[in-house]
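Observations on the model geometry
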Amino acid sequence: MKHTQNRLRKVLLTIPLVFALASCTKDPAGPSGSAVSVGPQMAQLNANLPAEAVNDHYRNTYEVFLYSYYDSDGDGIGDLKGLQQKLDYIQDMGFNSLWLMPVCPSPTYHKYDVTNYMDIDPQYGTLADFDALIKDCHARGITVITDLVLNHTSVDHPWFKQAHDYLKELPADWGASADYCPYFDYYNFSRDRLNGYEPLADTNWYYEARFWSGMPDLRLDSEAVREEIRKVMEFWLDHGVDGFRLDAVTSFYTGNDAQNIEFLRWLCEAGRQLKQDCYFVAEGWTSQDTYASYYASGIDSMFDFAFADSGGVIANTLKGSFGADDYVYALAKEEQLYKSISASYVNAPFYTNHDMGRSAGYYAGDDGTKTKLAEALNLLMQGNAFTYYGEEIGMKGSGKDENKRAPMYWSEDAGAQGMCTGPADMDEVKMKYDSLQKQQEDPYSIVNYVREALRIRNAFPVIARGNTIPVDDLCEEETAVMCREDGEHTPVCIALNLDEAEHTIDLNQCGYTVLSAVLNTSDAYAEVKDGILKLPAYTIAVLTK
Ligand code: CA
């Protein structure tokens, strides 16, 4: 519809999307799932869909903040062993990849300021625990990527401390040189207070620290720093990781995209020399055109910020600011954009992450239906689709960062086995939907819906790997139809009804008339008769020929 496309264009230009455990008995939300039924049609139609195992970078990735996930030793802090105990749950959900937020030693709860790139923070366990986790994941076909925080270290990193000590002792009228302290070269020091610089205590020097005085920016031009980074990658690849999530890549050389892209090119090549299929996904929280341009580095994936967060395409579609057609056309358009820059790009859709308010707060008055549909719109996107832990149960959390990283809501009983206490400065976060334990018993719960969406994603590899082809005549504000084809896997058509009313769609126009999977939000059935699809309110159908 013209007006909606115009509206989308307008909003894309103007909105900031461019930044756009039950009881104390045993483990309450333990491995389960197989015994849990979902709504009647999903149970009938989807249950026997076989998962097609494809070993590539198009994954269903679960982002885990270990601190708040599952505590194995009773100190209230989640840990590696705790995560390993939940692999049955994660695997049963249909995730086949994990992104672990930083695991290295750090003075903060979030650990984005590293003091040692080649160890595990004691709060999370040991390297042996890490090795055991990776081994278990790989045995289950789950790949693991870890956060690689290269823009900055902690001020407590020995590199920075030694550079600081050197400059403290340097007579005021002497020039500094890496000949006397190699770590002088590792950071950006200046006699002048430049933009983004902080005073270096007990000296007349300043250092670059773009995010916070506790996180000095590394000087990524330094050959010595690059050699350290190469060794860090080698270390973790030797410990079995399958790739890295790169934090804050637009800040590597602040304000200089060309240099950032050049650095990423070096990094990806160095990583792939160590492990040929080493996977890289980067965070560039900026305009879509800008982060798309980073594909020129040869990186596998850039997080797709345009579709994420409360102001992104998905939330706007569910809020009614965009139509179902806008969502489909935005997909087709961005795929063209990314492909025009890198033929081998793998999109990295995500709906929320640890820096964003949780999605259960996006839709006023929602009974869970919009939360479910939004998760589906994320998981039906092409690429390696990311889900932030807790989103699969519609957890709440907004405001300060700590609230967005609240303990995984395994149980209403905060004292139940494995429950974490969460970051110290977290407010009390009041949940809107049930705990995982309760949701697992409810056929119409968010978690059971998300599991079905993941099941469909695994059963039809073309959904992650194919191109989006809108069926123009069937794309309207309330309903839309798109095909996915990759020339290799069974092609499908996806029909969306994002409206509160039932709709009929004439599929004879596109030739996909076999109802093969469904995501419904009530007990109303979708059906196809003589090529006419009857799609109940808020229902998504997957069709084959
Ligand atoms: Ca613990």
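Refer to the preceding data block for the structure.
Criteria and thresholds
Residues numbered from 1 in each chain as written. Predicted model: local features only at pLDDT ≥ 70, side-chain atom pairs only at ≥ 80, totals over all residues. Heavy atoms only, no water. Buried < 20%, exposed > 50% of the residue type's maximum accessible area, 1.4 Å probe, protein only. Helix = DSSP H or I, 4+ residues; strand = E, 2+ residues; numbered from the N terminus. Pairing = 2+ DSSP bridges. Salt bridge = Lys/Arg side-chain N within 4 Å of Asp/Glu carboxyl O. Axes fitted to C-alpha atoms, helices over the stretch in contact; angles between N-to-C directions. Parallel < 35°, antiparallel > 145°, perpendicular 65-115°, else oblique. Left-handed = near helix turned anticlockwise from the far one by under 90°. Contact = heavy atoms within 4.5 Å. Core = buried A, V, L, I, M, F, W, Y, C linked by side-chain atoms within 4.5 Å. Domains from an automatic or database assignment. Nonpolar A, V, L, I, M, F, W, Y, C, P; charged D, E, K, R; others polar. Polar contact = N/O pair within 3.5 Å; in protein donor to acceptor, adjacent residues only side chain to side chain.

Turning our eyes to something else, we now look at the pairing of strand β8 (residues 279–282). Burial along β8 is two-sided: Tyr279 and Val281 and Phe280 and Ala282, pointing in opposite directions, are all buried. Bridging between β8 and strand β9 (residues 301–302) involves two bridges; their strand directions are parallel. For Ala282, the partnering residue across the bridge sits in β9 and is Met302.

All right, on to the sheet that holds strand β6 (residues 206–208) then. Sheets are built from strands that pair by backbone hydrogen bonding, the pairs being arranged parallel or antiparallel. Across the sheet, which stays open at both edges, the three strands sit in the order β4-β6-β5 with antiparallel pairing between neighbours. Lying at the two open borders of the sheet, with one neighbouring strand each, are β4 (189–190) and β5 (197–199). The pairing of β4 with β6 spans two bridges and is antiparallel. Following the sheet pairing, Ser190 is matched in β6 by Tyr206.

One pass over the structure, following the stated rule, counts 26 salt bridges. We note a salt bridge from Asp56 to Arg465, for which the minimum N-O separation is 2.7 Å. Taken together, the positions of Asp56 in the loop between α2 (40–46) and β1 (60–64) and Arg465 in helix α15 (residues 462–465) put the pair 409 residues apart, joining distant regions of the chain. Asp56 gets classed as partly exposed once you look at its relative accessible area, which sits at 23%. For Arg465, a relative accessible area of 15% gives the class buried. One salt bridge in this structure joins Arg245 and Asp247, with 2.9 Å as the shortest N-O distance. When its relative accessible area of 0% is taken as the criterion, Arg245 is described as buried. A relative accessible area of 8% places Asp247 in the buried class. Look at the salt bridges and you will find they share partners, linking Asp147, Arg245, Asp247 and Glu283 into a network.

What follows deals with the sheet that holds strand β14 (residues 503–506). In space, the three strands of this open sheet follow the order β14-β17-β16, with antiparallel pairing throughout. If you trace the sheet from one side to the other, it starts and ends with β14 and β16 (527–529), each paired once. Mean inter-strand twist for the sheet, computed between neighbouring axes without regard to direction, equals 25 degrees. Direction of pairing for β16 relative to strand β17 (residues 532–535): antiparallel, over a ladder of three bridges. Across the sheet, Val528 pairs through a bridge with Leu533, a residue of β17.

This part takes up the packing of helix α7 (residues 223–238) against helix α8 (residues 257–274). Their axes nearest at 10 Å, the elements α7 and α8 cross at an angle of 40 degrees. The angle between α7 and α8 falls in the class oblique. For the element pair α7 and α8, the recorded crossing hand is right-handed. Where α7 abuts α8, its residues Arg226, Ile229, Arg230, Met233, Glu234 and Leu237 lie against Phe263, Trp266, Leu267, Ala270, Gly271 and Leu274.

Here we take up the nonpolar core. One finds Tyr69, Leu246 and Tyr327 to be the most contacted residues of the largest nonpolar core, which totals 175 residues. In terms of residues, this core owes the most to one element, helix α14 (residues 446–459), which gives eight residues. Formed jointly, this core draws a minimum of three residues from each of two domains, domain 1 (53–149 + 228–468) and domain 2 (158–208). Apart from residues lying up to four places away in sequence, Tyr69 is in contact with Tyr62, Val64, Gly78, Leu83, Lys86, Tyr89, Ile90, Tyr389, Met408, Trp410, Gly418 and Cys420.

Turning our attention to the packing of helix α12 (residues 369–379) against α14. Close contact between α12 and α14 brings their axes to 10 Å; oriented N to C, the two are set at 20 degrees. The angle between α12 and α14 places the two elements in the roughly parallel class. Taken as a pair, α12 and α14 cross one another with a handedness that is right-handed. Of α14, the residues touching α12 (which contributes Thr371, Lys372, Leu373, Glu375, Ala376 and Leu379) are Ile446, Tyr449, Val450, Ala453, Leu454 and Arg457. Classifying every residue of the contact of α12 with α14 gives eight nonpolar, one polar and three charged.

Turning our eyes to something else, we now look at the side chain of Asn378. Residue placement: Asn378 occurs in helix α12. What Asn378 contacts, discounting residues up to four positions off in sequence, is Ile314, Pro349, Phe350, Tyr351, Ala385, Phe386 and Thr387.

Glancing now at the environment of His489. By the element assignment, His489 lies in the loop between β12 (479–485) and β13 (492–497). Along the chain, His489 and Gly466 lie 23 residues apart, while their C-alpha atoms are 8.4 Å from each other. At 2.7 Å, the side chain of His489 and the side chain of Asp486 are in polar contact.

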